Number of protein chains: 2
Amino acid sequence: MTPSQNIKTFLETGPEYLPSVSVDCVIFGFHERQLKVLLLEFKHTKAFALPGGFVFKDESTDEAATRILWERTGVKDIYLEQFHTFGEQNRGNWDVHKATMSSHGFELETNHWLLQRFISIGYYALVNFSKVIPTPDIFSDMGGWHDIHQIPTLILDHNRIVEKALSTLRLMLDYKLVGFNLLSETFTMKELQSLYETILDKKLLRANFQRKMLSMEILERVEKKFSGKAHKPPYVYRIKKTA
Amino acid sequence: MTPSQNIKTFLETGPEYLPSVSVDCVIFGFHERQLKVLLLEFKHTKAFALPGGFVFKDESTDEAATRILWERTGVKDIYLEQFHTFGEQNRGNWDVHKATMSSHGFELETNHWLLQRFISIGYYALVNFSKVIPTPDIFSDMGGWHDIHQIPTLILDHNRIVEKALSTLRLMLDYKLVGFNLLSETFTMKELQSLYETILDKKLLRANFQRKMLSMEILERVEKKFSGKAHKPPYVYRIKKTA
DNA sequence: ATAAGTTTGTATCAAAATGATGCAATCGAC
DNA sequence: GTCGATTGCATCATTTTGATACAAACTTAT
């Protein structure tokens, strides 16, 4: 199918979606000691946006978020949490979408379903950076990771959504042990600490961090050692499977 | 206007609402050492429900919640917080509403807007019990307070919504100082402790509770003393106005 | 007036959690 | 083997929290 055919199909699926409701996902990844967010880019308009989409009439909003996540990353079974619903009357304008459609030869009337008011249910996801294959959607030409400290201006109220997702993630970090989802299956204590330091944006004392993590008794030592570097090799951990 | 005229008007306002989106409010009050929730009662069907409603196309969801709250309690300026959005495909059936409409002589077709799928944005409110005048809506005949431990079976997924609101409130209690909203303008330390004990459902040590509350430095002693009882009079507090 | 009975406000001590520092152990490079 | 680097953990200091005690302030009974 050509892009234009895809778009035609999409525009025609309007009636299959639950009206007024959209889902936006803040997908967090961790790479090279940076907390990253997956953003979509619109080449024509040079605009950025969060991965998002609409809810089919026969799926739950959670299912919609899972589906959108899968479509944009190629990964299922992702840690996902709803954090807030954004329900302002005017969350920004849809010029970018209009322009994108227009560039493909589709001129949307003002009352087109795509240009109506939508509330957006925000979900944040924690993914293993290396497993993700950023995949653009119909509107976008590119998907890519952006350092949380260098998020460009996004469409609509998406910058606010990212902010809220980040503050929720920070709160969750020491309430629920959830950070692991951003690392690979196994990891060292240093990697885990580095992750926490990046998310919380502050240094932590190594000895105390280790003591705290071990005291929760959810970590399991895997291989005894790990070689390569000129120093004492660290233990490698994984999360205990709650049997 | 007669009730039936009210209902007719309401049914005709369908197009003014944002489709698929509803708001439900869990209104907490505190009275006689009990945590209460305001519920509406449908006399014909003997069903109970949370106060809720729909979102006008030109108001935000927060504004809708505030409006609904005001309509059901007569109080504006209420502490209100969004806590979760419930987006399952099948949140339960609308038989009760259908029956209520029917009892007023309105037979709704299956595809009537009121019988469509709605997602519900949950808000919880903390109100001063004594200031509230429970007021029924078009569907209900009565509004009243119910002890959190004796919530009857509610329509749709409203029982789950109450549960989630309560667990969120408990989490919030020691993260954010928010309990005051359930008391009157001024209160004693004992009243505040009693409130905390009721919400958290556990006893707290008086001395330590007092120390903790005072250490946050948001309480202000008002009147020196308080008389009537045969013992040392307690201080009366109010929240410091953050100047 | 005085004593008795309560409840309040706060001090004090014990225990637990957290912050900070030090040191032995283990690896590769030389 | 020695050196430099990093890990794992012990240890101590500090802070927070849990538990108990006691004096102060009020009304009622005598």
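Our structure is the block above this text.
1. Details of the sheet that holds strand E9 (residues 219–221) of chain B
- Strand order across the open sheet formed by 3 strands is E8-E10-E9 (chain B), with antiparallel pairing between neighbours. The sheet is open, and its two borders are formed by strand E8 (187–188) and E9 of chain B, each paired with just one other strand.

2. Here we look at the layout of surface pockets
- Its boundaries defined by the atoms lining it, the largest pocket holds a volume of some 1,200 Å³.
- For the lining of the largest pocket, the secondary-structure elements that each account for two or more residues are strand E5 (79–86) and helix H4 (158–173) of chain A together with helix H2 (61–73), strand E5 (79–86) and helix H4 (158–173) of chain B.
- At 7 residues, the largest contribution of residues to the lining of the largest pocket is made by H4 of chain B.
- For the lining of the largest pocket, the per-class residue count stands at 12 nonpolar, 13 polar and 15 charged.

3. Remarks on the protein's contact with DNA strand C
- Close to DNA strand C lie 23 residues; His231 and Lys232 of chain A together with Arg206, Ala230 and Tyr235 of chain B are nearest.
- Measuring from a base oxygen of DNA strand C, one finds a backbone N or O atom of histidine 231 of chain A at 2.7 Å.
- The contact in question runs from a phosphate oxygen of DNA strand C to an N or O atom on the backbone of tyrosine 235 of chain B, over 2.4 Å.
- Among the elements of the structure, helix H6 (206–215) of chain A together with helix H6 (206–215) of chain B are those that each provide at least two residues to the surface near DNA strand C.
- When residues of the surface near DNA strand C are assigned to their parent elements, the largest contribution, 5 residues, is made by H6 of chain B.

4. Some details on the protein's contact with DNA strand D
- Of all residues adjacent to DNA strand D, which total 23 residues, the nearest are Arg206, Ala230 and Tyr235 of chain A together with Ala230 and His231 of chain B.
- Residue arginine 221 of chain A places a side-chain N or O atom 3.0 Å away from a phosphate oxygen belonging to DNA strand D.
- In this structure, arginine 211 of chain B approaches DNA strand D through a side-chain N or O atom, which is 2.9 Å from a base nitrogen.
- In terms of residue count, the dominant contributor to the surface near DNA strand D is H6 of chain A (5 residues).
- Across the surface near DNA strand D, the residue classes tally to 9 nonpolar, 5 polar and 9 charged.

5. Brief notes about the interface of chain A and chain B
- Contacts between the two partners involve 24 residues from chain A, matched on the other side by 24 residues from chain B.
- Regarding the contact of chain A and chain B, the summed buried area is about 1,700 Å², with carbon and sulfur atoms giving 55% of it.
- The largest contributions to the chain A side of the interface with chain B come from Gln82, Gln89 and Arg117 of chain A, which together make up 26% of the buried area.
- Our count for the chain A to chain B interface comes out at 0 salt bridges.
- Of all the secondary-structure elements, those providing two or more residues to the side of chain A that touches chain B are strand E1 (17–31), strand E4 (52–56), helix H2 (61–73), E5 and strand E6 (119–126) of chain A.
- Here the side of chain A that touches chain B gets 4 residues from one element, more than from any other, and that element is E1 of chain A.
- Partitioning the side of chain A that touches chain B into residue classes produces 9 nonpolar, 8 polar and 7 charged.

6. Here's the deal with the nonpolar core
- If you look at the biggest cluster of nonpolar residues, it comprises 42 residues, and the most contacted ones within it are Val23 and Ile27 of chain A together with Val23 and Ile27 of chain B.
- Isoleucine 27 of chain A has contacts with Lys36, Val37, Leu38, Pro51, Leu69, Thr73, Ala125, Val127 and Trp145 of chain A, leaving out every residue within four places of it along the chain.
- With 37 residues, the next largest nonpolar core counts Ile161, Met189, Leu192 and Phe209 of chain A among its residues.

7. Re the packing of aromatic side chains
Residue and element names in this part refer to chain A.
- For the coordinates displayed, the defined rule picks out 32 aromatic pairs over all chains.
- Residues phenylalanine 10 and phenylalanine 139 carry aromatic rings whose centres are separated by 5.4 Å and whose planes lie at 85° to one another, so their mutual orientation is edge-to-face. Of the two residues, phenylalanine 10 sits in helix H1 (residues 3–12) while phenylalanine 139 sits in the loop between E6 and strand E7 (142–147), which places them 129 residues apart along the sequence.
- Judged by relative accessible area, phenylalanine 139 falls into the buried class, the value being 10%.
- Plain terms: the ring middles of phenylalanine 54 and tryptophan 113 are 5.4 Å apart, the flat faces sit at 75° to each other, and that makes the pair edge-to-face. You can see phenylalanine 54 sitting in strand E4 and its partner tryptophan 113 sitting in the loop between helix H3 (95–103) and E6, a full 59 residues away along the chain.
- The class of phenylalanine 54 is buried, set by a relative accessible area of 9%.
- Here the aromatic cluster, defined as three or more aromatic residues joined through ring pairs, consists of Phe10, Tyr17, Phe54, Phe56, Trp94, Trp113, Phe118 and Phe139.
- A cation over an aromatic ring shows up here: lysine 76 above the ring of tryptophan 70, its NZ or CZ 4.4 Å from the ring centre.
- Lying across the ring of tyrosine 235, arginine 221 places its NZ or CZ 3.7 Å from the centre.

8. Observations concerning the relation of the copies chain A and chain B
- Of the two same-sequence chains, chain A is brought onto chain B (RMSD 0.1 Å, axial shift 0.1 Å) by a rotation of 180°. Here the transformation between the copies is reduced to the relation of a two-fold axis. Closest approach to the rotation axis among the C-alpha atoms of chain A is made by proline 19 of chain A, whose C-alpha sits 2.9 Å away.

9. Focus on the side chain of aspartate 137 of chain A
Residue and element names in this part refer to chain A.
- Within the secondary structure layout, aspartate 137 lies in the loop between E6 and E7.
- The side chain of aspartate 137 sits in the buried core without any salt bridge; arginine 72 is the nearest counter-charge, 4.1 Å away.
- Within the structure, the side chain of aspartate 137 is placed 3.0 Å from the backbone nitrogen of phenylalanine 139, a separation counted as a polar contact.
- Polar contacts involving the side chain of aspartate 137 include one to the side chain of serine 140, which spans 2.7 Å.
- The residues contacting aspartate 137, other than those within four sequence positions of it, are Leu40, Gly52 and Arg72.

Cut-off values and rules
Residues numbered from 1 in each chain as written. Chains lettered and ligands numbered in written order. Predicted model: local features only at pLDDT ≥ 70, side-chain atom pairs only at ≥ 80, totals over all residues. Heavy atoms only, no water. Pairing = 2+ DSSP bridges. Helix = DSSP H or I, 4+ residues; strand = E, 2+ residues; numbered from the N terminus. 1 Å grid on protein atoms, 1.4 Å probe; cavity = no way out; pocket = protein on both sides within 12 Å on 5 of 7 lines; lining within 4 Å. Points joined across faces, edges and corners; volume = space filled by probe spheres on them. Nonpolar A, V, L, I, M, F, W, Y, C, P; charged D, E, K, R; others polar. Near = heavy atom within 4 Å. Polar contact = N/O pair within 3.5 Å; in protein donor to acceptor, adjacent residues only side chain to side chain. Contact = heavy atoms within 4.5 Å. Buried area = accessible area lost by both parts, 1.4 Å probe. Salt bridge = Lys/Arg side-chain N within 4 Å of Asp/Glu carboxyl O. Core = buried A, V, L, I, M, F, W, Y, C linked by side-chain atoms within 4.5 Å. Buried < 20%, exposed > 50% of the residue type's maximum accessible area, 1.4 Å probe, protein only. Phe/Tyr/Trp six-rings, centres within 6.5 Å; stacked < 30°, edge-to-face > 60°. Lys NZ or Arg CZ within 6 Å of the ring centre and 35° of its normal. Least-squares fit on C-alpha atoms with pLDDT ≥ 70 in both. Lys, Arg positive; Asp, Glu negative; His and termini not counted.

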